[in-house]
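# Examination of the molecular architecture
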Amino acid sequence: MALGITSLTIRAQTDVQMSQYFEVPSYFNPAATGLEDRLRIHAGSRLQWIGIDNAPKLFMATADMPVKLFGKRLGVGLTARQSSEGLFRNLTIGAQASYKVRLFKGELGVGIQLGYTNEVFKGSKVFLPDDDDYHEGDDDAIPTTDVSGGALDMGAGLWYTHRWFYVGIGGQHLNAPTIKFGDDLQTSEGTDSEKRYEFQVRRTLYFTAGSNIPIKNTLFEVMPSMMFKTDLDFWRAELTGRIRYKKFLTAGIGYRHDDAVVAILGAEFKGFYIGYSYDYPISAINKASSGSHEITAGYSLKLDFSEKNKNKHKSIRIM
């Protein structure tokens, strides 16, 4: 019995877009962990291009907090996402850490992320008609059974926070993980054959900036922000403007270049936050889709790093 081996490469999708990127900075940049003296937990879900079969979907979650070690301020965090796009399914988890230093009356964070990414291709759902002008019905470059595999995933970033603004640059999938797996087949001649496929996840870079600007003698503040992302082949830029009232209600609009106009609403109360955004497509895809919906929710808990309660004891006579 002979064994035949065929090696083929498939390019996996880039990360699914998020319109409320400003709520989950550590999702894109590990240096954005531990920015405040709070434990922050966020989760979000996005349904993109409603009305189109197999359109991108995303569920994500992050958690981060500051810690002090040997007198130094650090940030630690966890991030996870599950996404689907076309016939691809992805699960990525990561552990994050960042080191903070004072710089120019602000704080610079340097962060790293180590994790694992698992990719699934639903080859069982592939349909290639024999009269297709671009593919043959038995195209060996496309799996016809479900295949999956995993690999180490790495990220890194810089994040600078000042009294008046913040700016960060981060990279996800910096090692461009190559996921390898095989598909065992039995040919009509009784010969075993193995097709080995490789999925490569693209490196993606994110540049983020924003500010919180109080309006003097009012209860309002203006919060402009922007994001630019690229995988060094494709790029996308987004501008967002929001207004917050009494640190309670938020409303804003955004524009994503050649893609969508975004409406944003949010509310926060006693550490809880919930936000919603709707993307109206301005590209030709609006002929097939009514838009995209995204919701985020979060909770933050104040942490006390002061020394005032250290080694403090109550007398049993006054308890």
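For the structure itself, look to the data block above.
Below is a short write-up of the structure. Quantities reported herein were computed from a predicted structural model and do not represent experimental measurements. (Residues numbered from 1 in each chain as written. Predicted model: local features only at pLDDT ≥ 70, side-chain atom pairs only at ≥ 80, totals over all residues. Heavy atoms only, no water.)

## Side note on the nonpolar core
Under the convention used in this document: The definition of a nonpolar core used throughout is a set of buried Ala, Val, Leu, Ile, Met, Phe, Trp, Tyr and Cys residues joined through side-chain atoms within 4.5 Å. Buried, partly exposed and exposed residues are distinguished by accessible area as a fraction of the type maximum, computed with a 1.4 Å probe on protein chains only: under 20%, between the cut-offs, and over 50%, respectively. Every helix listed is a DSSP run of H or I at least four residues long, and every strand listed is a run of E at least two residues long, numbered separately from the N terminus. Contact criterion: two residues are considered in contact whenever any of their non-hydrogen atoms come within 4.5 Å of each other.
Grouped together as the largest cluster of nonpolar side chains are 17 residues, with contacts concentrated most on Met18, Val24, Tyr27, Phe28, Leu58 and Met60. For this core, the secondary structure elements donating two or more residues are α1 (25–28), β3 (57–69) and β16 (260–269). Those residues within four positions of Met60 in sequence are excluded, and the remaining contacts are Met18, Val24, Tyr27, His42, Ala43, Gly44, Ala80 and Arg81.

## Overview of the packing of aromatic side chains
We count it as follows: Under the pairing criterion, centres of Phe, Tyr and Trp rings, with the six-membered ring standing for Trp, must be within 6.5 Å; the plane angle then separates stacked pairs below 30 degrees from edge-to-face pairs above 60, leaving the rest tilted.
Under the counting rule described, the total for this entry stands at 11 aromatic pairs. Ring centres of Phe28 and Tyr206 lie 4.9 Å apart, and the angle between their planes is 55 degrees; on these two criteria the pair is classed as tilted. Here Tyr206 lies in strand β11 (residues 204–210) and Phe28 lies in helix α1, a separation of 178 residues in the sequence. Among the residues examined, Phe28 registers a relative accessible area of 5% and is labelled buried. The class for Tyr206 is buried, based on a relative accessible area of 2%. Taken together through their ring pairs, the aromatic side chains of Tyr27, Phe28 and Tyr206 make up a single cluster.

## Observations concerning the layout of surface pockets
By rolling a water-sized probe across the atoms, one finds the places where empty space is left. For the record, the criterion: Here a cavity is any set of points on a 1 Å grid over the protein atoms alone where a 1.4 Å probe fits but cannot get out, and a pocket is any open set with protein on both sides within 12 Å along at least 5 of 7 lines; a residue lines the site when it has an atom within 4 Å of a point. Grid points are joined across faces, edges and corners, and a volume is the space filled by probe spheres set on the points. Each residue gets one of three labels, nonpolar for Ala, Val, Leu, Ile, Met, Phe, Trp, Tyr, Cys and Pro, charged for Asp, Glu, Lys and Arg, and polar for the others, Gly among them.
Approximately 1,100 Å³ is the volume attributed to the largest pocket. Lining the largest pocket are 38 residues; nearest its centre among them are Glu23, Glu36, Arg40, Asn212 and Arg244. Grouping the constituent residues of the lining of the largest pocket by class yields 13 nonpolar, 13 polar and 12 charged. The computed volume of the second largest pocket comes to approximately 340 Å³. In terms of lining, the second largest pocket is formed by 21 residues, of which the most central are Gln17, Gln48, Trp49, Phe234 and Arg236. The element best represented in the lining of the second largest pocket is strand β17 (residues 272–281), accounting for 3 residues.

## Focus on empty space enclosed by the protein
Counting across every chain of the model gives 2 cavities of 30 Å³ or more. Space inside the largest cavity adds up to approximately 110 Å³. If you list the elements that add at least two residues to the lining of the largest cavity, you get α1 and β4 (72–85). Per element, the largest residue contribution to the lining of the largest cavity is 3 residues, and it comes from β4. Of the residues assigned to the lining of the largest cavity, the class counts are 4 nonpolar, 5 polar and 2 charged.

Keep in mind these numbers describe shape, not what the thing actually does.
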